[in-house]
Every structure is written in structure tokens, then in C-alpha cells.
Amino acid sequence: MMTSITFKKRSVPVHYSSGQRHCLELLHRKLKEMDYNFDFCKKWRRIASVELVYDVAILQYNDGTKLYLEVC
């Protein structure tokens, strides 16, 4: 399934399987925690898409590199 998530006025598509609705809520909570992390906010500007795999969010940049974020 696919949905979009908005953080710092920027929407990014999120890909996840149908059984991982709970992980999507955990991702929302984790992004609220990262709201005051300046380095993460700078990195978020370059994120092209997010893929949820169990309790890990894989943030993919435009150039193909990935950043792994534990959401639990």
C-alpha cells in the first residue's frame, strides 16, 4: 500500500504492506520526536520516499542512498 506523510511542510510517499498499519503510526510518533533535531530536518529535505519494513523506516534519498530509522 502507499500513502504520504507530511513533515516540516514536505510530503513524501510511504510504501508499506497491508499488515503494517501500526508501524505507520509509530513512524508518525518518531517524526514528532525528531522535530527538534536540526540534522534530521536538513536530511528530510532530500528524502524522496520512505519504505516501512517491520519496525524500520528506510528513507531513500534522490541519489539512491538510504537512511535507516528505527521507529519502535
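Refer to the preceding data block for the structure.
Basis of the calculations
Residues numbered from 1 in each chain as written. Predicted model: local features only at pLDDT ≥ 70, side-chain atom pairs only at ≥ 80, totals over all residues. Heavy atoms only, no water. Salt bridge = Lys/Arg side-chain N within 4 Å of Asp/Glu carboxyl O. Helix = DSSP H or I, 4+ residues; strand = E, 2+ residues; numbered from the N terminus. Buried < 20%, exposed > 50% of the residue type's maximum accessible area, 1.4 Å probe, protein only.

Draft legend 1. Layout of the pattern of salt bridges. Throughout the structure, instances matching the rule amount to 2 salt bridges. Notably, a salt bridge pairs Asp35 with Lys8, separated by 3.0 Å at the nearest N-O pair. Note that Asp35 is positioned in the loop between helix H1 (21-33) and helix H2 (38-44) and Lys8 in the loop between strand S1 (2-7) and strand S2 (10-15), a separation of 27 residues in sequence. Residue classification places Asp35 among the partly exposed residues on the basis of a relative accessible area of 27%.

Draft legend 2. Region of the structure containing unusual backbone geometry. With phi around 55 degrees, Lys8 is a residue other than glycine that occupies positive phi space. Accessibility expressed as a relative area gives 47% for Lys8, which makes it partly exposed. Even without being a glycine, Tyr54 presents a positive backbone phi close to 55 degrees. By the element assignment, Tyr54 lies in the loop between strand S3 (47-53) and strand S4 (56-61).

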